[in-house]
There are 2 protein chains.
Amino acid sequence: MFYIIGLGLCDEKDITVRGLEAVKSSTRVYLEAYTSMLMVQKEKLEALYGKTLILADRDMVETESDEILRNADTEDVSLLVVGDPFGATTHTDIILRARSLKIPTQVIHNASIMNAVGACGLQLYNFGQTVSLVFFTETWKPDSFYDRIKENADLGMHTLVLLDIKVKEQSEENLARGRKVYEPPRYMSITQAVSQLAEIEEMRQGGILRPNESLAIAMSRVGGGEGRERIVSGTLAELLTQPEEAFGEPLHSLVIVGRRLHHLEVEYAENFAVDRSTWRDVAHRIYGCALE
Amino acid sequence: MFYIIGLGLCDEKDITVRGLEAVKSSTRVYLEAYTSMLMVQKEKLEALYGKTLILADRDMVETESDEILRNADTEDVSLLVVGDPFGATTHTDIILRARSLKIPTQVIHNASIMNAVGACGLQLYNFGQTVSLVFFTETWKPDSFYDRIKENADLGMHTLVLLDIKVKEQSEENLARGRKVYEPPRYMSITQAVSQLAEIEEMRQGGILRPNESLAIAMSRVGGGEGRERIVSGTLAELLTQPEEAFGEPLHSLVIVGRRLHHLEVEYAENFAVDRSTWRDVAHRIYGCALE
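Residues numbered from 1 in each chain as written. Chains lettered and ligands numbered in written order. Predicted model: local features only at pLDDT ≥ 70, side-chain atom pairs only at ≥ 80, totals over all residues. Heavy atoms only, no water.

1. A closer look at the overall build of chain A
Link 1 in the chain: Counting secondary structure elements, chain A contains 12 helices and 12 strands.
Link 2 in the chain: Radius of gyration (C-alpha) of chain A: 21 Å, near the 19 Å computed for a compact globule of 292 residues.
Link 3 in the chain: The principal-axis extent of the C-alpha atoms belonging to chain A is close to 65 × 45 × 35 Å.
Link 4 in the chain: For chain A, with 292 residues in total, the buried portion stands at 56%.
Link 5 in the chain: For chain A, the computed accessible surface area is about 12,300 Å², with 48% contributed by carbon and sulfur atoms.
Link 6 in the chain: Each charge class in chain A was averaged separately, 31 positive and 44 negative side chains, and the resulting centres sit 3 Å apart. (Helix = DSSP H or I, 4+ residues; strand = E, 2+ residues; numbered from the N terminus. Rg over C-alpha atoms; globule rule 2.2 N^0.38 Å. Buried < 20%, exposed > 50% of the residue type's maximum accessible area, 1.4 Å probe, protein only. Areas by Shrake-Rupley, 256 points an atom, 1.4 Å probe, with all protein chains shown as cover. Lys, Arg positive; Asp, Glu negative; His and termini not counted. Charge placed at Lys NZ, Arg CZ, Asp CG, Glu CD.)

The structure is reproduced here in structure tokens:
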């Protein structure tokens with residue numbers, strides 16, 4: 001059996017009991033270390049499992065899937081992924097490959113940011129499509145995310161914005177010279193994300209991301225419990241002026257609040273507000289929420 | 001500490017290791033048995049935990065939250081919920097109540113249908129808002145879900161449709177007489193869901209749910225692994241004419257496929273098709289997907 005197992009959001013204890021059993025029964029266990037950031041050291045996972053993990057980077061999962069799947073028709077092989085296995089396209093690729101090789105496959109689900117985002121207090125029902133925001137460079141500022149946020153905003157829906165991660169990137173020089181030397185990982189901060197949003201709003205003038213009239217919620221290490229998880233709500237202007245450490249450690253995600261905002265959502269997220277009175281005032285005055 | 005713990009989607013082994021530790025440390029463990037269907041017997045959970053569970057129905061979680069939270073400032077108390085704790089509003093209510101009582105709270109996330117729906121092969125990024133479909137009666141056929149599906153469809157997005165569950169419902173007679181006698185639970189079938197969609201399309205004529213030109217995917221017991229999970233894809237007309245047992249046991253969910261359909265999504269879901277050639281033909285001819 002080929003198992004593809006979601007690790008959940010934070011640390012080694014977020015694996016399910018079913019997932020842990022599958023790992024223990026496997027002769028080879030691969031740990032995919034690229035689609036998202038692993039918030040726990042490989043060694044901690046190995047200690048819990050009593051197994052040595054094989055790191056599988058982007059190259060390997062995409063180009064060596066047959067090696068990962070080797071003998072999985074006669075023995076158990078596991079691929080561990082951060083979050084849920086259906087967060088990234090690559091996992092459907094390897095499942096399709098397993099199918100074509102007639103290898104039985106089982107997916108073991110777990111929490112991912114796509115559902116745990118509910119921790120911010122906004123109802124999952126009211127989210128539209130999810131968007132990704134990539135690091136801008138001087139010459140490359142892809143802004144199609146703006147159209148997606150606008151589509152959601154026009155319908156009053158919330159938007160989950162996933163922030164870019166650069167792992168195993170090569171410098172231009174190393175790339176040109178064919179040297180497999182990698183830069184340290186980079187994670188987009190809330191400050192940079194909000195500032196990129198502002199830059200595109202300035203250019204596009206759609207009126208959907210207004211510094212003092214648009215509410216947003218910054219999230220970090222969702223599911224990490226007290227002391228690790230950090231949720232901060234406020235206007236875009238407020239988020240932009242917070243010190244970076246206010247948002248906790250990466251990974252960060254950002255939620256743009258839509259107009260179909262319910263007073264219970266306002267009340268719940270108020271607990272995370274930079275300034276409670278500003279939060280309530282904008283929710284009431286701009287979003288039209290009836291608050292007590 | 002008050003723990004609110006997601007049980008995941010299927011059975012007792014879907015709890016996380018972290019969740020299991022919290023249950024074991026708790027002096028009282030409540031099992032919420034209404035917002036979704038529990039697919040595992042209470043006794044199986046109790047055997048895994050080595051604890052007796054207290055059933056918490058709708059009345060109790062809503063009106064007796066102080067009893068559930070009793071002493072949670074000095075000892076550990078757990079509330080177990082199916083899926084993830086942020087699937088239903090009620091859980092934000094009890095967390096707000098815990099906060100107001102200054103009881104420390106920790107949410108332990110898990111998979112829910114809101115992210116595990118990715119198992120059908122459609123990208124989570126391309127889903128719009130989620131809708132709920134309730135049981136129609138002769139006199140009550142609420143159709144606002146249609147506007148929501150249309151909003152998604154107009155943008156080309158997929159829609160997850162959650163099907164109604166009736167648990168602990170009283171007959172009109174028992175209700176009138178104040179007798180706490182409950183009807184057996186009912187779960188909406190795929191056949192009934194598709195037939196209700198057709199009824200409203202007939203009335204509204206929005207052209208978004210066309211029997212032979214709209215693709216959909218029926219899902220049952222997602223995450224249950226081989227033999228339990230069932231996924232069936234096809235046109236609405238095809239799904240309507242399948243025998244009910246083709247869709248497996250409840251709970252069921254339905255996905256309406258949007259126009260932003262990628263050929264990899266078509267290829268993945270083709271494995272679940274009632275008829276592969278119809279599936280590909282509609283994806284190509286109506287949805288405009290470039291297929292090999």
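2. Concerning the interface of chain B and chain A
Link 1 in the chain: Taken together, the contact between chain B and chain A spans 54 residues of the former and 54 residues of the latter.
Link 2 in the chain: Buried surface at the junction of chain B and chain A, summed over both partners, amounts to about 4,800 Å²; 56% is from carbon and sulfur atoms.
Link 3 in the chain: By the criterion of area lost to chain A, the three top residues of chain B are R18, Y125 and Y268 of chain B, representing 14% of everything that side buries.
Link 4 in the chain: At the junction of chain B with chain A, the criterion picks out 8 salt bridges.
Link 5 in the chain: A salt bridge links K13 of chain B to E21 of chain A; the shortest N-O distance between them is 3.1 Å.
Link 6 in the chain: The interface formed by chain B and chain A includes 27 residue pairs in polar contact (both at pLDDT 80 or more).
Link 7 in the chain: Those elements that place two or more of their residues in the side of chain B that touches chain A are α1 (17-25), α5 (89-100), β5 (105-108), α6 (113-116), α7 (144-154) and α11 (263-270) of chain B.
Link 8 in the chain: Top contributing element to the side of chain B that touches chain A by residue count: α5 of chain B, with 6 residues. (Contact = heavy atoms within 4.5 Å. Buried area = accessible area lost by both parts, 1.4 Å probe. Salt bridge = Lys/Arg side-chain N within 4 Å of Asp/Glu carboxyl O. Polar contact = N/O pair within 3.5 Å; in protein donor to acceptor, adjacent residues only side chain to side chain.)

3. Topic: the side chain of N174 of chain A
Link 1 in the chain: Mapped onto the elements, N174 of chain A comes out in helix α8 (residues 172-176).
Link 2 in the chain: Among all residues touching N174 of chain A, those that are not within four sequence positions of it are R179, V181 and E183 of chain A.

4. Structural notes on the nonpolar core
Link 1 in the chain: One finds F2 and I217 of chain A together with F2 and I217 of chain B to be the most contacted residues of the largest nonpolar core, which totals 103 residues.
Link 2 in the chain: Every residue in contact with F2 of chain B, bar those within four places of it in the chain, is listed here: I68, L69, A72, V77, L79, I94, A98, I103, P104, T105 and Q106 of chain B. (Core = buried A, V, L, I, M, F, W, Y, C linked by side-chain atoms within 4.5 Å.)

5. Concerning the relation of the copies chain B and chain A
Link 1 in the chain: For the pair chain B and chain A, the best superposition has an RMSD of 0.0 Å and corresponds to a rotation of 180° with a translation of 0.0 Å parallel to the axis. In symmetry terms, the pair is related by a two-fold rotation axis.
Link 2 in the chain: Residue by residue, 100% of the interface of chain B is reproduced at the interface of chain A, so both copies engage with the same surface. (Least-squares fit on C-alpha atoms with pLDDT ≥ 70 in both.)

6. Observations regarding a negative patch on the surface
Link 1 in the chain: The grouping of E62 and D93 of chain A together with E267 and E292 of chain B at the surface amounts to a negative patch.
Link 2 in the chain: As for its placement among the helices and strands, E267 of chain B is situated in helix α11. (Patch = residues over 30% accessible without salt bridge, like charges linked within 9 Å, V, L, I, M, F, W, Y side chains within 5 Å.)

7. Thoughts on the pairing of strand β2 (residues 28-32) of chain A
Residue and element names in this part refer to chain A.
Link 1 in the chain: Extensive coverage of β2 is indicated by the burial of 5 of its 5 residues.
Link 2 in the chain: Pairing geometry for β2 and strand β4 (residues 77-81), over 4 bridges, is parallel. Bridge assignment links L31 to a residue of β4, and that residue is L80.
Link 3 in the chain: Bridge count between β2 and strand β3 (residues 54-56): 3 bridges; the pairing is parallel. Residue pairing in the sheet places Y30 in a bridge with I54 of β3. (Pairing = 2+ DSSP bridges.)

8. Observations concerning the sheet that holds strand β7 (residues 159-163) of chain A
All names here are of chain A.
Link 1 in the chain: The sheet built from 5 strands is open, its strands ordered β6-β7-β12-β10-β11 with mixed pairing. Taken across any chain shown, the strands that pair with only one partner, and hence form the sheet edges, are β6 (131-133) and β11 (230-235). Taking each pair of neighbouring strands and ignoring which way they run, the sheet shows an average axis angle of 25°.
Link 2 in the chain: With 4 bridges joining them, β7 and strand β12 (residues 252-256) adopt antiparallel strand pairing. Along β12, the bridge assignment pairs L160 with V255.
Link 3 in the chain: Its contacts with the sheet put helix α12 (residues 276-285) on β10 (215-220) and β11, and the angle it makes with β10 is roughly 130°. (Axes fitted to C-alpha atoms, helices over the stretch in contact; angles between N-to-C directions.)

9. Section: the sheet that holds strand β6 (residues 131-133) of chain B
All names here are of chain B.
Link 1 in the chain: Spatially, β6-β7-β12-β10-β11 is the arrangement adopted by the 5 strands of the open sheet, whose pairing is mixed. For this open sheet the edge positions go to β6 and β11 (230-235), each flanked by a neighbour on one side alone. Here the average twist between neighbouring strands, direction ignored, is 25°.
Link 2 in the chain: Those strands touched by α7 are β6, β7 (159-163) and β12 (252-256), and its axis lies near 145° from that of β6.

10. Quick notes on the environment of A269 of chain B
All names here are of chain B.
Link 1 in the chain: The residue A269 is located in helix α11 in this model.
Link 2 in the chain: You can call A269 buried: its relative accessible area is 0%.
Link 3 in the chain: Residues A269 and A153, 116 residues apart in the sequence, show an inter-C-alpha distance of 19 Å.
Link 4 in the chain: Beyond its immediate sequence surroundings of up to four residues, A269 is in contact with C120, I217, S233 and W279.

11. As for the domain arrangement of chain A
All names here are of chain A.
Link 1 in the chain: Per the domain assignment, the segments making up chain A are domain 1 (2-111) and domain 2 (114-287).
Link 2 in the chain: Using C-alpha coordinates to define each centre, domain 1 is positioned 29 Å away from domain 2.
Link 3 in the chain: Every contact between the two is made by 11 residues of domain 1 and, on the other side, 14 residues of domain 2.
Link 4 in the chain: The junction of domain 1 with domain 2 conceals about 980 Å² of combined surface from both sides, 58% of it contributed by carbon and sulfur atoms.
Link 5 in the chain: Taken together, the links from domain 1 to domain 2 amount to 1 salt bridge.
Link 6 in the chain: Residues R228 and D11 are paired through a salt bridge, measuring 3.6 Å at the closest nitrogen-oxygen approach. (Domains from an automatic or database assignment.)

12. Regarding the UniProt feature "binding site: S-adenosyl-L-methionine" (unreviewed entry) in chain A
Link 1 in the chain: The residues that UniProt annotates with the feature "binding site: S-adenosyl-L-methionine" (unreviewed entry) are L9, D84, G87, S112, I113, L163, V222 and H252 of chain A.
Link 2 in the chain: Positionally, S112 of chain A belongs in the loop between β5 (105-108) and α6 (113-116).
Link 3 in the chain: Excluding residues that lie within four positions of it along the chain, S112 of chain A makes contacts with L9, G83 and D84 of chain A together with N115 of chain B.
Link 4 in the chain: Turning to its location among the elements, V222 of chain A is positioned in the loop between β10 and β11. (UniProt positions renumbered as here; feature names shortened; annotations may be inferred.)

13. A word on the environment of V29 of chain B
Link 1 in the chain: Along the chain, V29 of chain B falls in strand β2 (residues 28-32).
Link 2 in the chain: Along the backbone, V29 of chain B and H262 of chain B are 233 residues apart, and their C-alpha atoms lie at a distance of 45 Å.

14. Let's talk about the side chain of D164 of chain A
Residues and elements named next belong to chain A.
Link 1 in the chain: Positionally, D164 belongs in the loop between β7 and β8 (165-166).
Link 2 in the chain: Judged by its relative accessible area of 14%, D164 is buried.
Link 3 in the chain: Separated by 2.9 Å, the side chain of D164 and the backbone nitrogen of F135 make a polar contact.
Link 4 in the chain: Leaving out residues up to four positions away in the same chain, D164 has contacts with L133, V134, F135, R186, Y187 and M188.

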